Amino acid sequence: MPVILFILLLMVDRDNSMHVIGFISLLLIYTAILIMRILYAKERWHEEFNGENLGQNTSIQKMSDLKDKLEEENEIDSRS
């Protein structure tokens, strides 16, 4: 989509107000979609990694420890 927007920017007739309004509208819609995707990813990340038991576990000192702990939990869940 960014490549398409760049090509449209080069091809838009700046004297035609409909072309300009259409391009700006398309750019704003694409920007809104990107912002919504970022906010959704942020929300999902906080749901996944904001568990009470992970923050209180004293055996987790590094990110690799957290990764190992999450992999163990996924293996247990997949066996069930």
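One can find the structure itself at the top, above this paragraph.
What you are looking at is a predicted structure, and each value in this text was computed from that prediction instead of being measured. Residue numbers run consecutively from 1 along every chain, following the written order of its sequence. Since the coordinates come from a predicted model, pLDDT governs what is reported: local features require at least 70, and pairs of side-chain atoms require 80 or more to be given and counted, while whole-chain, interface and lining totals use all residues. With hydrogens and water stripped out, all remaining heavy atoms of the structure feed into the side-chain values.

Caption draft 1: Structural context of the overall build of the protein. Note on conventions: DSSP H or I runs of at least 4 residues are helices, E runs of at least 2 residues are strands, and numbering of each starts at the N terminus. Scanning the protein from terminus to terminus reveals four helices and zero strands. The N-to-C order of helical and strand elements in the protein reads α-α-α-α. A buried classification covers 10% of the 80 residues belonging to the protein. In the structure as shown, the protein presents an accessible area of about 7200 Å², 62% of it carried by carbon and sulfur atoms. Only protein chains enter the area calculation, which uses a 1.4 Å probe; residues under 20% of their type maximum are buried, those over 50% are exposed, and those in between are partly exposed. Accessibility throughout is a Shrake-Rupley quantity obtained with a 1.4 Å probe, and a residue counts as covered only by protein chains that appear here.

Caption draft 2: Local environment of a nonpolar patch on the surface. A cluster of nonpolar side chains, Val3, Phe6, Ile7, Leu9, Leu10 and Met11, forms an exposed patch at the surface whose accessible area comes to about 630 Å². Tracing the sequence through the fold places Val3 in helix 1 (residues 2–11). Residue Val3 is classed as exposed on the basis of its relative accessible area of 59%. Only residues above 30% relative accessible area that lack a salt bridge enter a patch, with like-charged residues linked at up to 9 Å and the nonpolar side chains Val, Leu, Ile, Met, Phe, Trp and Tyr linked at up to 5 Å. The salt bridge criterion pairs a side-chain nitrogen of Lys or Arg with a carboxyl oxygen of Asp or Glu, the two atoms within 4 Å.

Caption draft 3: View of the environment of Leu8. In this structure, Leu8 sits in helix 1. Taking relative accessible area as the criterion, Leu8 reaches 34% and is therefore assigned partly exposed. Taking the C-alpha atoms as reference, Leu8 lies 9.5 Å from His19; in sequence the two are 11 residues apart.

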